[in-house]
Number of protein chains: 2
Amino acid sequence: MTRESLARRPTIRDVADLAGVSTATVSYVLNGTAGQTITPSTRERVRRAADSVGYVPHRIARALREGRSPVVLLNVGAMIGGSTVATLVEGMSAELRRHGHSLLVTAEPGGIIADVIDAVAPRATLDLTVVTTGGEEDDVVSGVAAGDHAGFAFHTLAQLRHLVERGHRRIAFVGPAEDVPFARTRRAHARSAARQLGLPPLVETVIGGDEARRAETVERLVREEGVSAVAAHSDDVALAVLAGMATLGLRAPQDLAVIGFDEDAAARLWRPSLTTVRIDGAAYGRRAARVVLGLPVPEWDSAPSQVVLGEST
Amino acid sequence: MTRESLARRPTIRDVADLAGVSTATVSYVLNGTAGQTITPSTRERVRRAADSVGYVPHRIARALREGRSPVVLLNVGAMIGGSTVATLVEGMSAELRRHGHSLLVTAEPGGIIADVIDAVAPRATLDLTVVTTGGEEDDVVSGVAAGDHAGFAFHTLAQLRHLVERGHRRIAFVGPAEDVPFARTRRAHARSAARQLGLPPLVETVIGGDEARRAETVERLVREEGVSAVAAHSDDVALAVLAGMATLGLRAPQDLAVIGFDEDAAARLWRPSLTTVRIDGAAYGRRAARVVLGLPVPEWDSAPSQVVLGEST
DNA sequence: TTGTAAGCGTTATCAC
DNA sequence: GTGATAACGCTTACAA
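Residues numbered from 1 in each chain as written. Chains lettered and ligands numbered in written order. Predicted model: local features only at pLDDT ≥ 70, side-chain atom pairs only at ≥ 80, totals over all residues. Heavy atoms only, no water.

(A) Inspection of the UniProt feature "domain: HTH lacI-type" (unreviewed entry) in chain A at higher detail. Mapped onto this numbering, the UniProt entry annotates "domain: HTH lacI-type" (unreviewed entry) at residues 10-66 of chain A. The distance separating the terminal C-alpha atoms of residues 10-66 of chain A is 21 Å; by composition the span is 68% helix and 0% strand. (UniProt positions renumbered as here; feature names shortened; annotations may be inferred. Helix = DSSP H or I, 4+ residues; strand = E, 2+ residues; numbered from the N terminus.)

(B) Fine view of the pattern of salt bridges. On inspection of all chains with the given rule, the structure shows 24 salt bridges over all chains. The partner of Arg97(A) in a salt bridge is Glu108(B), with the nearest N and O atoms 3.5 Å apart. Taken as a pair, Arg97(A) in helix 5 (residues 83-98) and Glu108(B) in the loop between strand 2 (102-106) and helix 6 (114-120) lie in two separate chains rather than in one. You can call Glu108(B) buried: its relative accessible area is 12%. Here Arg13(B) and Asp17(B) are joined by a salt bridge, their closest N and O atoms 3.5 Å apart. Placement of the pair is Arg13(B) and Asp17(B) together in helix 1 (residues 12-19), with a separation of four residues, close to one helical turn. (Salt bridge = Lys/Arg side-chain N within 4 Å of Asp/Glu carboxyl O. Buried < 20%, exposed > 50% of the residue type's maximum accessible area, 1.4 Å probe, protein only.)

(C) Local environment of the protein's contact with DNA strand C. Neighbouring DNA strand C are 28 residues, the closest being Thr25(A), Thr42(A), Ile12(B), Tyr28(B) and Arg65(B). The protein-proximal atoms of DNA strand C, defined as those within 4 Å of the protein, are 59% sugar or phosphate. Thr39(A) is positioned with one of its backbone polar atoms (N or O) 2.9 Å from a phosphate oxygen of DNA strand C. A distance of 2.7 Å is found between a base oxygen of DNA strand C and a side-chain nitrogen or oxygen belonging to Tyr28(B). (Near = heavy atom within 4 Å. Polar contact = N/O pair within 3.5 Å; in protein donor to acceptor, adjacent residues only side chain to side chain.)

(D) Region of the structure containing the relation of the copies chain B and chain A. Turning chain B through 180° and shifting it by 0.1 Å along the axis lays it on chain A, with an RMSD of 0.3 Å. The two molecules are tied by a two-fold rotation axis, judged by turn and shift. It is Val105(B) whose C-alpha, among those of chain B, lies nearest the rotation axis, at 2.4 Å. (Least-squares fit on C-alpha atoms with pLDDT ≥ 70 in both.)

(E) View of the nonpolar core. By size, the foremost hydrophobic cluster in this structure holds 92 residues, and its most contacted members are Leu74(A), Met92(A), Leu74(B) and Met92(B). With residues up to four places along the chain from it excluded, the contact list for Met92(B) reads Val72(B), Leu74(B), Leu103(B), Leu126(B), Gly285(B), Arg286(B), Ala288(B) and Ala289(B). Judged by nonpolar contacts, the second largest core, of 54 residues, contains Val237(A), Leu250(A), Ile207(B) and Ala266(B). (Core = buried A, V, L, I, M, F, W, Y, C linked by side-chain atoms within 4.5 Å. Contact = heavy atoms within 4.5 Å.)

(F) Examining the sheet that holds strand 7 (residues 203-207) of chain B more closely. Residues and elements named next belong to chain B. In spatial order, the strands read 7-6-8-9; together these four strands make up an open sheet with parallel pairing. Each having just a single partner strand, strand 7 and strand 9 (257-259) make up the two edges of the open sheet. This sheet shows a mean twist of 25° between the axes of neighbouring strands, independent of strand direction. Relative to strand 8 (residues 229-232), strand 6 (residues 171-176) is paired through four bridges, and the arrangement is parallel. When the sheet's bridge partners are listed, Ala172 is paired in strand 8 with Val230. Docked against the sheet, helix 12 (residues 235-248) engages strand 6, strand 7, strand 8 and strand 9, running at close to 160° with respect to strand 9. (Pairing = 2+ DSSP bridges. Axes fitted to C-alpha atoms, helices over the stretch in contact; angles between N-to-C directions.)

Rendered as structure tokens:
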């Protein structure tokens, strides 16, 4: 070991010098470059030299050279919501790491910021606020399960179908009062799901405000619109409906059945507990990782989502 | 305009050629480098050339040159929890952008992954799973409000103090059954808060499992331990306690008072509604941004956290 | 089988 | 006032 032991971070040059070879050879060895024939002994020498000086390749330099860095950018729109996004991030991150990449997350409602992209030159980007608007065409992540496109539309269909199976026909789709990431998308999917199921047009409204406002909303739905079931945009929204019902002394599912979406931990604690749709976020995350890396994406072997039975329907 | 209009992204060279100056001059002009005297006319020519070709500096190249990129890495431990982390990310991201930087988030329970760091060479990193432990880093981000250190310990103290003011002395601190990011930290803070308030040692337990298990936990607290109030690790946990009480037919706050932590939207919907601690995440986010950039951090002008009164205490 | 050297796009240190 | 040019650390033709 020479005086390389200084503060400076060891470069490929240091390794090359120590091993008595050129930087090219070091690069070939360390990257296992195909089509290069290096003698085992040289190989060994380089390896030793590398970890003797504690060499770790400089990713930025490599990124400059290659035009992209080994990171994937995911925009989730906002750091809120049920379990789907959380598990999606986990699954995607794990799968990417298995392939030498890193997942970096942003939470920009307006989509991925251009500055971020050129600050990191990501290998790929994925914007949840866009992907979920599917567009089966542009939804490569979801794939097909049991013959159907397994995107958000699919889960929404499952949500409504559950109500239909319970005998409901006059159904309301209730969204959040504030503008949250997937509000519009979900509404659109609900409409087309209703059509597919041969239902009359959905009653559409939003719920929010204080206790009185919530109760008012629910009352209108039940008394004026004659709705017998609610499909909610999310579990949060579903709980607001249940809360409004409690205020009015209405019971679920007798007076009004309620189903949530994107299972949230709090929903199981309610009385009555909430029936909701659980989405296999981790599986989508792993798929997303493979899609953006251009790896083959496996078939769905289990259901991408399922209705979790509670007492509210 | 020359044949630069090809697919290639314009470089500083292209601008220099078009403006008839050297790349150095372009760099000086575009970066407003101090201590350089450039004639207004040259300046103007460079500017024009730059946006005529649509030049945008290559951040990766700059990162290589400067040794770091204009991004800040934030590890949040996991994509779950109440509103604090969500608003913190928003606030931090906004403040960073005001200063030409970008925020990138990871959700690694074990701390920031080394690979990620050298993939992006961030200007700075911040690990929430570390910061909230009350070490030195915590100090700088949290600062001082009304004479007290305004960190997580402070909020925990506020949580317990609320119960004390309501006349409680035999108090339990209830955590989640699973291992979540800040569990240990919160527990430690709760212990020392109890000492500061001159309370007897806290009864410590966790809650989880199914309805029966939850009820059992609550029952033990009330009947065996003689506890009159619960300070919960989070709103989720607090709701589990309230649910257990409902199962047992116990009422809050008469039979057992419950206060949550890190306000979650669902908590306000409960009957009884949950008293909890709201933390000004956005403010912490802005402070964190300034700290990591080495900017002066303003004094707290409003409370860093406050108890939000519900019916449960 | 291995080495040389030309980039990748910037910034900053000199000269002029 | 401005311009060459040498880095930054790596990959990869192309030579040898």
